[in-house]
Amino acid sequence: MLANLLLFNAVVENGKAQAANFPFCTIEPNVGIVAVPDPRLHVLSDLSKSQRAVPASIEFVDIAGLVKGASQGEGLGNKFLSHIREVDSILQVVRCFEDNDIVHVNGKVDPKSDIDVINLELVFSDLDQIEKRMERLKKGKGKDSQSKIKEEAEKSALERIQQALMDGKPARSVTLTDFEKDAVKHLCLLTMKPVIYVANVAESDLAESQNNPHVQEVMNLASELQSELVTISAQVESELTELPSEERTEYLKSLGVNESGLGNLIRATYRLLGLRTYFTSGEKETKAWTILTGMTAPQAAGVIHSDFEKGFIRAETVSYNDFVAAGSLAAAREKGLLRSEGKDYVVQEGDVMLFRFNV
């Protein structure tokens, strides 16, 4: 628990969560905003002579660790589980270091046991929710044919998910059609959420974490559970926050790594959630925007403001590399690198865009 809060405080800009050497030192979730590190942002800002550069951001929610019996209310478990339902993905921080001065809730470092306890409680919680929902579906009747079709799709999906959970598999392992996914989405099933396992190692293990037997164990489990793995050292991340930015790179190099754990964690999160970044860039500001992979130009415009999507006309678009090669948006236009994209254009990673709209 101490390591988790240390990590939270280190990676978020406004991290002020209480970190103590005992279980449940936090009850309410701690929320922090993390700026997404992206060197492209400052390159574009310099080229456009922008007054400011605004990075994309991710919201991290630190939720107290679960214990065995959480789904029945142990350790304030029901309260913690309700907080998990509200997030897009789960980062499960797993202790992979030995330190007698930092108490483990179960008295020993055992990553597999830690992961099993949490996953089992999530499974129990989902099973309970599915059972209640199935009872309501039996009693209720759709008001129209469309409602009935959706209820049948939900029932079919839940029956298959329920069987998977009984077999110890997460809901996300069940193959569902897009219609079925939409039908069960309102339940916010915990095991449907994508997971990244964050192996928290000692500073001395960071450069060659693959040699750490605890990390090897988590790596195997993550593969079995169709999840991602990121190795990080909460202690190193905490120390980085105490250093001036110009000294951080040298410190990481002295440890044998090229990037902070935060950078690796954010990249893994983007991959997991299917996120992309596009940019707007001008004299006033250069800004990074986060969208879902597959979004069209009008949808991407709507991330800025709903009026941009409603009144979308076209998007003047240039790739990041072409923008940098040209040196400016005007130069890109002169060289024929600036494209005029319509409503069906799917925004690509790193696009620099200027939206034309009419409301």
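Calculation rules
- Starting afresh in each chain, residues are numbered from 1 along the sequence in its written order.
- The predicted nature of this model means local features are confined to residues of pLDDT at least 70 and side-chain atom pairs, given and counted, to a pLDDT of 80 or more, with totals for whole chains, interfaces and linings taken over all residues.
- Heavy atoms from the whole structure form the basis of all side-chain values; hydrogens and water molecules are not counted.
- For every residue, the predictor states its confidence as a pLDDT score lying anywhere from 0 to 100.
- By definition in these notes, contact holds between two residues if any of their heavy atoms fall within 4.5 Å.
- For helices, the axis comes from a line fit to the C-alpha atoms of the stretch in contact; other axes are also lines fit to C-alpha atoms, and the angle between any two N-to-C directions lies between 0 and 180 degrees.
- Every helix listed is a DSSP run of H or I at least four residues long, and every strand listed is a run of E at least two residues long, numbered separately from the N terminus.
- Any residue that is not Ala, Val, Leu, Ile, Met, Phe, Trp, Tyr, Cys, Pro, Asp, Glu, Lys or Arg is counted as polar, Gly included; the first ten are nonpolar and the last four charged.
- For classification purposes, an angle smaller than 35 degrees is called roughly parallel, one larger than 145 roughly antiparallel, one from 65 to 115 roughly perpendicular, and anything else oblique.
- Here a crossing is called left-handed whenever its near helix is offset anticlockwise from the far helix by less than a right angle, and right-handed whenever the offset is clockwise.
- Each nonpolar core is a collection of buried residues, namely Ala, Val, Leu, Ile, Met, Phe, Trp, Tyr and Cys, held together in the definition by side-chain atoms within 4.5 Å.
- Whether a residue is buried, partly exposed or exposed follows from its accessible area with a 1.4 Å probe, protein chains only, as a fraction of its type maximum: under 20%, in between, or over 50%, in that order.
- For Phe, Tyr and Trp, where Trp contributes only its six-membered ring, two rings pair if their centres lie within 6.5 Å, and the inter-plane angle classes them as stacked under 30 degrees, edge-to-face over 60, or tilted in between.
- UniProt positions are given in the numbering used here, feature names are shortened, and annotations may be inferred rather than shown by experiment.

Participant: Any details on the confidence of the model for the chain? Residues and values, ideally.
Facilitator: In the predicted model, the chain carries a mean pLDDT of 86, and the fraction of residues at 70 or more is 84%. Low pLDDT, under 50, characterises residues 14-26; the predicted model gives this stretch 37 contacts beyond four residues in sequence or across chains.

Participant: Mind laying out the packing of helix H4 (residues 111-139) against helix H7 (residues 213-224), listing which residues take part and the relevant values?
Facilitator: H7 packs onto H4 with a crossing angle of 35° between their chain directions and a minimal axis gap of 9 Å. Between H4, through Pro 111, Lys 112 and Ile 115, and H7, the contact on the second element is made entirely by His 214, Glu 217, Val 218 and Leu 221. Among the residues making up the contact of H4 with H7, the classes are represented as four nonpolar, one polar and two charged.

Participant: Before we move on, can you summarise the packing of helix H8 (residues 234-241) against helix H9 (residues 245-254) with the specific residues and values?
Facilitator: Angle between the axes and distance between the axes are the two parameters that describe a pair of packed helices. Running from N to C, H8 and H9 cross one another at 150°; their axes reach a closest spacing of 10 Å. Comparing their axes, H9 and H8 come out roughly antiparallel. Handedness of the crossing formed by H8 with H9: right-handed. On the side of H8, the interface is formed by Val 236, Glu 239, Leu 240 and Thr 241, while H9 contributes Arg 248, Tyr 251 and Leu 252. Looking at the contact of H8 with H9 residue by residue, the classes come out as four nonpolar, one polar and two charged.

Participant: Let's hear about the nonpolar core: which residues, and what values?
Facilitator: One broad trend across soluble globular proteins is that nonpolar side chains are buried collectively. Among the nonpolar cores identified, the biggest contains 28 residues, and Ile 266, Tyr 270 and Val 318 are the most heavily contacted of them. No other element matches helix H10 (residues 261-273), which puts five residues into this core. If we ignore the near neighbours within four places in the chain, the residues touching Tyr 270 are Val 36, Ala 56, Ile 58, Leu 275, Arg 276, Thr 277 and Thr 290.

Participant: With reference to specific residues and values, describe the packing of aromatic side chains.
Facilitator: Following the criterion strictly, the structure yields three aromatic pairs and no others. Grouping aromatic residues by their ring pairs yields a cluster made of Tyr 278, Phe 312 and Phe 355.

Participant: Could you give me a rundown of the UniProt feature "binding site: ATP" (unreviewed entry) in the chain, with the residues and numbers involved?
Facilitator: The residues that UniProt annotates with the feature "binding site: ATP" (unreviewed entry) are Val 201. Checked against the element boundaries, Val 201 lands in the loop between strand S5 (195-200) and H7. Excluding anything up to four places from it in sequence, Val 201 contacts Cys 96, Phe 97, Leu 206, Asn 212, Val 215, Thr 231, Ile 232 and Ser 233.

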